[in-house]
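Below, each chain spelled out in residue letters.
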Amino acid sequence: KPCPLCDEAKEVLEPYKGRFILQEVDITLPENLAWYEKYKYDIPVFHLNGKFLMKHYVDIQKFEDKLTKLELQND
């Protein structure tokens, strides 16, 4: 903290908040050491439905495509 890149990503995702649940993970906490070791140089990192999606910034087209695909599978 602070994390300007994370804040920027959350702003980009704001219009989609009704379509998914954003779970933030503070990788600097001791209980998240595994995430820290894996992603300490790559924040922010995004997983969707438990699978890696993207890192560093929100690729909005990729996010929309994957989110829509998940929604269609769940209908």
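Parameters at a glance
- Residues numbered from 1 in each chain as written.
- Predicted model: local features only at pLDDT ≥ 70, side-chain atom pairs only at ≥ 80, totals over all residues.
- Heavy atoms only, no water.
- UniProt positions renumbered as here; feature names shortened; annotations may be inferred.
- Phe/Tyr/Trp six-rings, centres within 6.5 Å; stacked < 30°, edge-to-face > 60°.
- Helix = DSSP H or I, 4+ residues; strand = E, 2+ residues; numbered from the N terminus.
- Buried < 20%, exposed > 50% of the residue type's maximum accessible area, 1.4 Å probe, protein only.
- Pairing = 2+ DSSP bridges.
- Core = buried A, V, L, I, M, F, W, Y, C linked by side-chain atoms within 4.5 Å.

Under an unreviewed UniProt entry, the name given to the protein is Glutaredoxin-like protein, and the organism recorded is Rostratula benghalensis. Turning to the protein, the UniProt record has this under Sequence similarities (unreviewed entry): "Belongs to the glutaredoxin family."

(A) Layout of the packing of aromatic side chains. Considering all chains together, one arrives at 3 aromatic pairs under this definition. Taken together, a centroid distance of 5.3 Å and an interplanar angle of 75° make the contact between F20 and F63 edge-to-face. Taken together, the positions of F20 in the loop between helix 1 (4-13) and helix 2 (33-39) and F63 in helix 3 (residues 60-74) put the pair 43 residues apart, joining distant regions of the chain. Grouping residues by exposure puts F20 and F63 together as buried. Both rings, one in W35 and one in Y39, keep their centres 5.7 Å apart while their planes meet at 15°; by these two values the pair is stacked. Of the two residues, W35 and Y39 are both situated in helix 2; the distance of 4 residues between them amounts to about one turn of the helix. Residue W35 is classed as partly exposed on the basis of its relative accessible area, which comes to 35%. The class of Y39 is buried, set by a relative accessible area of 8%.

(B) Region of interest: unusual backbone geometry. With an omega dihedral of -10°, the bond running from I43 to P44 counts as a cis peptide bond. Within the secondary structure, P44 sits in the loop between helix 2 and strand 1 (45-48). With a phi angle near 60°, N49 is a residue other than glycine that sits in the positive phi range. Among the structural elements, N49 can be located in the loop between strand 1 and strand 2 (51-55). The exposure class of N49 is exposed, given its relative accessible area of 61%.

(C) Fine view of the pairing of strand 2. Note that strand 1 and strand 2 share 4 bridges and pair antiparallel. Following the sheet pairing, V45 is matched in strand 2 by K55. Between strand 1 and strand 2, which follow one another and run antiparallel, lie 2 residues, and N49 among them has a positive phi close to 60°.

(D) Main features of the nonpolar core. If you look at the biggest cluster of nonpolar residues, it comprises 12 residues: A9, L13, Y16, F20, F46, L48, L53, M54, V58, F63, L67 and L70. Counting only elements with at least two residues in this core, the list comes to helix 1, strand 1, strand 2 and helix 3. Of all the elements, helix 3 adds the most residues to this core, at 3 residues.

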